[in-house]
Amino acid sequence: MPKLWLLPYFHTQPLGSTTFPSPTLAFCHSPMPKPWTPPPAPRRTATHQLPLVAEAESADLFGLGVLGVAWRGAAASSAVVEESRAGVARLPVAARLSHQQHVAQVGDVAGGQAQRLDLGQLPIGRLGGDEGAQRREGGVDAVGAVALSRVGRVPLPGLAVQPPGFLAAPPLAGFDAEAVGVQVEGLLVGARALAAVLLVLRQHADLGVQDIRNTVGNIPMEWYQDFPHIGYDLEGKRIYKPIRNKDELDKFLEKMENPDYWRTVQDKMTGADIKLTDEQVDLVHRLQKGQFGDVHFNPYEPAIDFFTHEVMIHPVTNRPADKRSFIPSLIEKEKVSKLVHAIKMGWIKPRKPKEDTPTYYDLWAHEDPNSILGRHKMHVPAPKMKLPGHEESYNPPPEYLLSEEEKLAWEQQEPAERRLNFVPQQYRCLRAVPGYPRFIHERFERCLDLYLCPRQRKMRVNVDPEDLIPKLPKPRDLQPFPTTQALVYRGHSSLVRCLSVSPSGQWLASGSDDGTVRFWEVCTARCMKTLPVGGVVKSIAWNPNPTICLVAVCVEQSVLLVNPCLGDKLLYGATDQVLESYVPPEEERVQPVQWVTATSEEHSRGIRLTVQHSKALKQVTWHGKGDYFATVVADNSNMQVLIHQTSKRWSQNPFRKSKGLVQCVLFHPIRPYFFVATQRYVRVYNLLKQELTKKLMANCKWVSSMAIHPAGDNVICGSYDSKLAWFDLDLSTRPYQLLRHHRKALRSVAFHKHYPLFASGSDDGTVIVCHGMVYNDLLQNPLLVPVKVLKGHTLTMDLGVLDVVFHPTQPWVFSSGADGTVRLYT
Amino acid sequence: MGGLEKKKYQRGSATNYITRNKARKKLQLSLPDFRRLCILKGIYPHEPRHKKKVNKGSTAARTFYLLKDIKFLLHEPIVNKFREYKIFVRKLRKAYGKSEWGTAERLKDNKPTYKLDHIVKERYPTFVDALRDLDDALSMCFLFSTFPRTGKCHVQTIQLCRRLAVEFLNYVIASRSLRKVFLSIKGIYYQAEVLGQPITWITPYTFAHDHPTDVDYRVMATFTEFYTTLLGFVNFRLYHSLNLHYPPKIDGQAEVEVKPAEGKEYAMDSESYLEKLSALSASLARVVAPTQEDDVEMDEFPVEGETAEQMDARRKEQEALEKHKKLFEGLRFFLNREVPREPLAFVIRCFGGQVSWDKSLCIGATYDVSDPSITHQIVDRPRVEQQVVGRYYLQPQWVFDSVNAKLCLPVADYFPGVLLPPHLSPFVTEQEGDYIPPEKLKLLAMQRGEDPGEETEEEEEEEEEEEEDDNDKDEEEEEEDESEKEEEIKLKKMEEQKAQSNKALPVKVTAGKVRLEDKQRLEQEQQSEEKRLAIMMMKKREKYLYKKIMFGKKRKIREANKLAAKRKAHDTALKEEKKKTKKARRA
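Just so it is clear, the structure is predicted and the values come from calculations on it, not from any experiment.

### Notes on the environment of A:V517
Moving on, step 1. Along the chain, A:V517 turns up in strand 13 (residues 516–521).
Moving on, step 2. Not counting residues up to four positions away in its chain, the partners in contact with A:V517 are A:S510, A:G511, A:K529, A:T530, A:L531, A:V533, A:V537, A:I540 and A:V553.

### Let's talk about the UniProt feature "repeat: WD" (unreviewed entry) in chain A
Moving on, step 1. Mapped onto the present numbering, the UniProt feature "repeat: WD" (unreviewed entry) falls on residues 489–530 and 739–769 of chain A.
Moving on, step 2. This span, residues 739–769 of chain A, is 0% helix and 55% strand, and a straight line between its end C-alpha atoms measures 12 Å.

### Here we look at unusual backbone geometry
Moving on, step 1. Going from A:Q479 to A:P480, the amide bond is cis rather than trans, its omega being 5 degrees.
Moving on, step 2. Residue B:P247 is bonded to the preceding B:Y246 through a cis peptide linkage, with omega at 0 degrees.
Moving on, step 3. In this model, A:A525 sits at a positive phi of 65 degrees, which is unusual for a non-glycine residue.
Moving on, step 4. Examined against the element boundaries, A:A525 turns out to sit in the loop between strand 13 and strand 14 (526–532).
Moving on, step 5. With a phi angle near 60 degrees, A:N699 is a residue other than glycine that sits in the positive phi range.
Moving on, step 6. By the secondary structure assignment, A:N699 is in the loop between strand 27 (691–697) and strand 28 (703–708).
Moving on, step 7. Take A:N699: its relative accessible area is 40%, and that puts it in the partly exposed class.

### Description of the interface of chain B and chain A
Moving on, step 1. Across the contact, 114 residues belong to chain B and 90 residues belong to chain A.
Moving on, step 2. Across the chain B/chain A interface, buried area totals approximately 8800 Å², and carbon plus sulfur atoms make up 63% of it.
Moving on, step 3. Considering only the side of chain B, the residues that lose the most area to chain A are B:I185, B:K186 and B:M537, jointly responsible for 10% of the buried surface there.
Moving on, step 4. Scanning the region where chain B abuts chain A turns up 12 salt bridges.
Moving on, step 5. Among the salt bridges present, the one from A:K384 reaches B:D135, with a minimum N-O distance of 3.6 Å.
Moving on, step 6. Taken together, the connections running from chain B to chain A amount to 37 residue pairs in polar contact (both at pLDDT 80 or more).
Moving on, step 7. Tallied by class, residues from the side of chain B that touches chain A come to 61 nonpolar, 19 polar and 34 charged.

### Concerning the pairing of strand 37 (residues 813–817) of chain A
All names here are of chain A.
Moving on, step 1. Counted residue by residue, strand 37 has five buried out of five residues, so it is predominantly covered.
Moving on, step 2. Here strand 37 shows a buried face lined by V813, S815 and G817 and a second buried face lined by F814 and S816.
Moving on, step 3. In terms of strand pairing, strand 36 (residues 801–806) meets strand 37 through five bridges, oriented antiparallel. By the bridge assignment for strand 37, V801 is matched with G817.
Moving on, step 4. Linking two consecutive strands that pair antiparallel, namely strand 36 and strand 37, is a turn of six residues.
Moving on, step 5. Taken together, the four bridges between strand 37 and strand 38 (residues 821–825) define a ladder with antiparallel strand orientation. When the bridges of strand 38 are listed, S816 appears paired with V822.
Moving on, step 6. The antiparallel pairing of strand 37 with strand 38 creates a hairpin that spans three residues between the two strands, and G820 there sits at a positive phi of about 85 degrees.

Each value, and the rule that gives it
Residues numbered from 1 in each chain as written. Chains lettered and ligands numbered in written order. Predicted model: local features only at pLDDT ≥ 70, side-chain atom pairs only at ≥ 80, totals over all residues. Heavy atoms only, no water. Helix = DSSP H or I, 4+ residues; strand = E, 2+ residues; numbered from the N terminus. Contact = heavy atoms within 4.5 Å. UniProt positions renumbered as here; feature names shortened; annotations may be inferred. Buried < 20%, exposed > 50% of the residue type's maximum accessible area, 1.4 Å probe, protein only. Buried area = accessible area lost by both parts, 1.4 Å probe. Salt bridge = Lys/Arg side-chain N within 4 Å of Asp/Glu carboxyl O. Polar contact = N/O pair within 3.5 Å; in protein donor to acceptor, adjacent residues only side chain to side chain. Nonpolar A, V, L, I, M, F, W, Y, C, P; charged D, E, K, R; others polar. Pairing = 2+ DSSP bridges.

In structure tokens:
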């Protein structure tokens, strides 16, 4: 009995019961083609192949039965198929598997619409594709296919149950039952969930032929690549590979010669070549095209609705209605009464009708002055949008359109920097005006401004600029002052560093970088005398004493006292006499300098005395009486300032300590005061008391020059940072006024002796003459008014005016410049 | 060293300000909600004078609000509504997540809403305050009313904006308060004067917007939310000030005219009603039917300290205004279908003109093209095929220019296909020293009652012709010249002979040239020098200010000069081209 041999094959799958298939399924058990022989003792232990083998066996075993089911399934309604399914559940698995295959097919065939195949359960592609259509040597009949096609042709719906006799009738009536070995060769499942079973029955003409079925199951056949055999037959003996000694050439020849080469495939299981029949080839083609395997199967059968949409007049069932269907529900009643109660009590309110449209009313009907809060006064209303100008017009005047360069510049600017946030455009007519692409942007930016920008009330200065200009007395009312350039003294070949006018105002001495001192007649601009001194003349000073005709000249390390021998002969003769009347003291005193009397050659040139210092000199200046003079040495020691006495030929160093780099020194015109200007401060010393009286803060970086008002109470300081500081000594040690008139560094400043004028010369090539009135009334502050800007000097080597001097009696001013000229402005 | 230690940043300006984040936390609102609140309440950040002090020593960039403002916000009832809304959204999301559709429906029905009436009243305690701030509201409403009804914002908002905008336009028409119009490349600017307040707004040209991605529509929608409320109340009040129904009703007869058979063609009555209203062709119904003209003569009270001249000027101004309001009175316009209907209809109706259009173009057309009483037809195409005698065919710019000029301009410049004169901005009032385009000068002259413009042009043309004639003559004369030259040579010889006889005298006196000293120039120079010297004496701060002012002035002058030079170059180029074409035509 089958259960006897089925059991051992299912040891991998626990089987619930060993009872045989339910009686609902009428299997026609075909007699075994061969008596059962137990499997060989050394059973292959590869478990994976066991169920497969079993399946093959069972398929073999139930082959005809399955077909029978197919018959019956086709004949019966789908309910029957269901039933059969239910029955299958109790079948042994192997049987169930094969059964399911067929049931599936039956369902398929039977309904045309009953596509409830469970693909997951099907062994798909067991012998897929062309492998499925295998061929054995000898005649092959696609009996299964024939049988199936017959099934397909059975008219499906509404058929009466087939008589059992029909069931019993085997489809293969023509075959001898004993001679027929049924073999289920494979099962094909198409992509569209249609199964096609290809049953290849092999007819063994004589019983002597052995069964060479392979029992290895569905395994990759390359596992047997290296073995001489290809698997095991039912008896457990090896199936040897057919001898294949075809080399490439043979294959090629066969390919060329054999007309059936294209339809020859190799059976992997047996290694044999199988030539496909025409039907098989057709089948393959159809499947490749995705058609049904059965030629005669019509997939487009008219669909028949069992349950239609039409309302039937008769009930489907004859069951009388329930009582509860016509008795009112108590539960519902309770619920309703609860709701009614809630509504009555006002717990549930009807939904308010939705108001979509806002209602408006007179919001400002009662304008309450109290409603204006304090915050409204604080509130800064948003500034309004700027109103558009002509350039925004769609048809602006042509001058508002941007030229090419302007457009380019506009494009290169940052969007925030642009003065216009659009490019003016001109359109011929209104119709041609396009929409503005940044409209929404601009509105949005406005919104951002409104809620993100801090607001502030900015006081706008609304001043007439003319009102800002201070009201000063008109220069016309402050005359006299030099207004025009009158004379130019030419002769020097290099920049003229210093100037000095004789006390009489008739002569002018100038020292230059070309190593000469020139004496000019003021009125005629005639050079009276040229004195080569052999070095750069840094400073020159005419003795202020009108009875002495003597000029101190700073050349390198020495001061030359020169008698220019100009003017009244008596005068300069007397000067010589005064100088010669010197009697050297008995005992030689230690002096910081050397007084040397001029040689005869020098004497003839006018040089009378030479005061030799140890270092280079910067400046020389006379005391008002004309006996003392002071020199400044370019040095950072305490020996920077020296005071000399001409009559005694005696020098002394007034300071014990250096207080910084001394820029210039001056004697007070009347009182015994001595002014020393360092870089930032001006120190005033009392010479009698020998003490510091005042320290003036110049408020500038580097003082360049200094001048003292003839009354002695006011000092002006020029500085290299183009400032002029006016100090009122009575007022404060800070500048009374800081004038920034020049654009470049100030080189020199000067006061007029009689007129209320002062002048400053600067590197920008101008001399600015200012009216500087000092009142005797102590309560009245000095009045400073610039009255004239004098131009004339040309800039050379970035230097303009180097020295400025006033004429002692006339309102004239001399200026020397880097261009090698001296100019007189009257 | 007694007393409590004074802690830093616990008094003074540091306590008057609060940063945005702190404010947000104090109000317990999310940032978007805080933003909405600030927008609705009109709260803006403040810039402290000493930022570092307020920022507790840090110099990081922060936004500061006044603490008082935030405290004020704390009492705002809609803050609670915001919170409720947040909860509502949370509940709704939960209901959706659980697929409880019934709950979701119920929640949606009870969606918390808020009203902004009290905020409007609070922000604008008087009506005039509201009018002053109407510019942005109008511009925004006009923009939103042009939005498509998909995405971006709620359809109701768009509809409401459209409704309010149309209502406002109708009010302006009814009150004849439009003053200026300007066609710019950005859109159309309008300026109306309502209760003495100038209200300016801009409307985009009617094209589909390409919606930018870098714009936060939520912010704009919040603003619009407030603006619609504001505009609604303002409209209500304005309508009532004119004795008009609000919501507006179209005057009886017009209504009867449009209503009957056509009513069915339109989808909804309310919609067609709005359309009719937006056609701007019908006048509005009044609450009290106007029995007699409302124009009550205003009694004039002389203001203290006002001279007769000033009063006269005022009266004149009033008269001019009345005249301006009736600019198009009695004129009948017809708009071709290619001109923008709404702005033109609005402007024409604002100045008393009658206007109509093709029936198929829009609802509300009152008469046909073939109406013989039409005086002006507005056309925006190069030429008109079939012209009807008895009406002017004009380009739309004429209407706008006439409104701005306050008089009906000569029509010759605005015929179809003619190169239009420039369209000038009416918002520019030129000050001393500004550049004034020549067209504006012409216009000003025209307003004064002179008519110099055309004459000069004609003269110029004549001159040109004369010049050309001269040239022609020269060419003709050249042939004659040769014969003349020979005669001249003879004459010269004779003169020389005479001169030689004169040379017999040894002494010759030549008249000395009088060198005129230009006193004025000297004076000027002196003055300028004085000024320069005085500037030198200025204080540092004043000098800085002075220089700044002068710099601005100079820049202005430079720009004006540049524009003038450009114009001159353009004119000469144009003239030469004209000449060339003329010559070419002659040849």
